[in-house]
Amino acid sequence: MSTSKNNPLRIVFMGTPDFAVGTLKNLLEADFNVVGVVTAPDRPAGRGRKVQESAVKQFAVQHGLTVLQPTNLKDEDFLEELKALNANLQVVVAFRMLPKAVWQMPQYGTFNLHASLLPQYRGAAPINWAIINGETETGVSTFFIDEKIDTGNIILQKTERILPADSVGDLHDRLMELGANLVVETCKQIEAGTVSRQPQNENMVLKPAPKIHKDTCRIDWNAPLESIYNHIRGLSPYPGAWTMLVNDGKEDQMKIFKTEKLQAEHNHSIGKILIEKKSLKIAVKEGYISLLELQLPGKRRMQVNEVLNGLNLENDAYLR
């Protein structure tokens, strides 16, 4: 499979969130010909339900690119519009599952960027689950799309360390840059006809990365210290781990974004809140989780000292 000067790459890019913008930017800066962008339809968002464009659409419009926003990827009108772009390669970053009529359309196929070292962490939330599970290494993979989700032949991979204090936001930004560079390298290999395909290794215990739901985000204070710490940073800043604050006979939902873990022996009940020297510690089985950044209902995200200035906690206050 090789291209020539008479038949250079004509790329359709498919993606929606911020994570995909860096890759589209890199493709343009590398002088690849992006003939069209496919992204999610505009949707109401936020408290005012104001119609919002995807991050990819905003970037594409700013750079004068043709944008398609299908609600149904099997719609005949969309397929005709896509075909009319005359692309010979499609690049997918953080988009939705494609029907066969779409991914098999271009001459050189369709490849996807996934934020894990496949076959590990197939699914919608690989960055979150790698941190939640306490991994110390992850990475990015490019692979050709086939009929199943995240199972196609691998093209290239790059590894990235997960640091002990990394949040999803920290790791997301590094993987976005790493992945954007990997996509450009993949396109260069396809253009040069030097691309290789490696089947994914299925002979191992695979860890999934399913979509994050609200129930996933609730903190289990009975879990081990390390697991609680990883759970919170694996959901920060979005969507945010949450718990219920029980204080003065009332319950309020509270989100927690940043913590420290403190190993210690104690006799406090699980979930008990302790205030010491302007710090807020939660008793768990093997020590304490010290809260650093949190958010109370109707409030902005705040440092713990800001919260303590306006929060009256009873002696028997706890989190559950």
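Rules and cut-offs
- Residues numbered from 1 in each chain as written.
- Predicted model: local features only at pLDDT ≥ 70, side-chain atom pairs only at ≥ 80, totals over all residues.
- Heavy atoms only, no water.
- UniProt positions renumbered as here; feature names shortened; annotations may be inferred.
- Axes fitted to C-alpha atoms, helices over the stretch in contact; angles between N-to-C directions.
- Helix = DSSP H or I, 4+ residues; strand = E, 2+ residues; numbered from the N terminus.
- Parallel < 35°, antiparallel > 145°, perpendicular 65-115°, else oblique.
- Left-handed = near helix turned anticlockwise from the far one by under 90°.
- Contact = heavy atoms within 4.5 Å.
- Nonpolar A, V, L, I, M, F, W, Y, C, P; charged D, E, K, R; others polar.
- Buried < 20%, exposed > 50% of the residue type's maximum accessible area, 1.4 Å probe, protein only.
- Arc of directions from axis to C-beta.
- Polar contact = N/O pair within 3.5 Å; in protein donor to acceptor, adjacent residues only side chain to side chain.
- Pairing = 2+ DSSP bridges.

In the nomenclature of an unreviewed UniProt entry, the protein corresponds to Methionyl-tRNA formyltransferase from the organism Flagellimonas aurea. Turning to the protein, the UniProt record has this under Function (unreviewed entry): "Attaches a formyl group to the free amino group of methionyl-tRNA(fMet). The formyl group appears to play a dual role in the initiator identity of N-formylmethionyl-tRNA by promoting its recognition by IF2 and preventing the misappropriation of this tRNA by the elongation apparatus." As stated in UniProt under Catalytic activity (unreviewed entry), the record for the protein gives "L-methionyl-tRNA(fMet) + (6R)-10-formyltetrahydrofolate = N-formyl-L-methionyl-tRNA(fMet) + (6S)-5,6,7,8-tetrahydrofolate + H(+)".

A. The packing of helix α1 (residues 18-29) against helix α2 (residues 55-62), seen in detail. The N-to-C vectors of α1 and α2 enclose an angle of 25°; their axes lie 8 Å apart at closest approach. Considering their axes alone, α1 and α2 lie roughly parallel with respect to each other. For the pair α1 and α2, the crossing hand works out as right-handed. Of α2, the residues touching α1 (which contributes Asp18, Ala20, Val21, Leu24, Lys25 and Leu28) are Ala55, Val56 and Phe59. Class assignment of the residues belonging to the contact of α1 with α2 gives a composition of 7 nonpolar, no polar and 2 charged.

B. A look at the UniProt feature "binding site: (6S)-5,6,7,8-tetrahydrofolate" (unreviewed entry) in the protein. As recorded in UniProt, the feature "binding site: (6S)-5,6,7,8-tetrahydrofolate" (unreviewed entry) lies at Ser116, Leu117, Leu118 and Pro119. Relative to the helices and strands, Ser116 resides in the loop between β7 (110-114) and α5 (126-132). Aside from chain neighbours lying at most four places away, what touches Ser116 is Tyr121, Pro126, Thr138, Gly139, Val140 and Ser141. Mapped onto the elements of the fold, Pro119 is located in the loop between β7 and α5.

C. Representation of unusual backbone geometry in the model. With an omega dihedral of 15°, the bond running from Leu118 to Pro119 counts as a cis peptide bond. In the segment running from Ser236 into Pro237, the intervening peptide bond is cis, with an omega of 10°. Relative to the elements of secondary structure, Pro237 occurs in the loop between α8 (225-233) and β10 (241-247). Unlike most non-glycine residues, Asp31 shows phi in positive territory, near 65°. Relative to the assigned elements, Asp31 resides in the loop between α1 and β2 (33-38). Exposure remark for Asp31: the relative accessible area of 71% places this residue in the exposed category. Of note, Asn86 is a non-glycine position whose phi angle comes to about 55°, a positive value. Tracing the backbone shows Asn86 in the loop between α3 (76-84) and β6 (89-93).

D. Quick look at α3. Looking only at α3, the buried set comprises Phe78, Leu79 and Leu82. The buried residues of α3 all sit within an arc of 100° when viewed along its axis, so they share a single face. Residues of α3 that are exposed and angled more than 90 degrees away from the buried face: Glu76, Asp77, Glu80, Lys83 and Ala84. Where the residues of α3 are buried, they touch β1 (10-15), β2, β5 (67-68), β6 and α4 (100-103). At the N-terminal boundary of α3, the capping side chain belongs to Asp75, with an oxygen 3.0 Å from the backbone nitrogen of Asp77. In the stretch just after α3, Asn86 is the one whose phi turns positive, near 55°.

E. Fine view of the side chain of Glu160. Among the structural elements, Glu160 can be located in strand β9 (residues 154-161). By relative accessible area, which is 18% here, Glu160 ends up buried. Glu160 has contacts with Glu137, Thr138, Gly139, Leu171, Arg174, Leu175 and Leu178, leaving out every residue within four places of it along the chain.

F. Structural detail: the pairing of strand β8 (residues 137-144). Here β8 lies mainly inside the structure; 7 of its 8 residues are buried. Across 4 bridges, the pairing between β7 and β8 is antiparallel. Across the sheet, residue Phe111 finds its bridge partner in β8, namely Phe144. Where β8 meets β9, 7 bridges bridge the pair, whose relative direction is antiparallel. Pairing of Phe143 across the sheet is with Ile154, part of β9.

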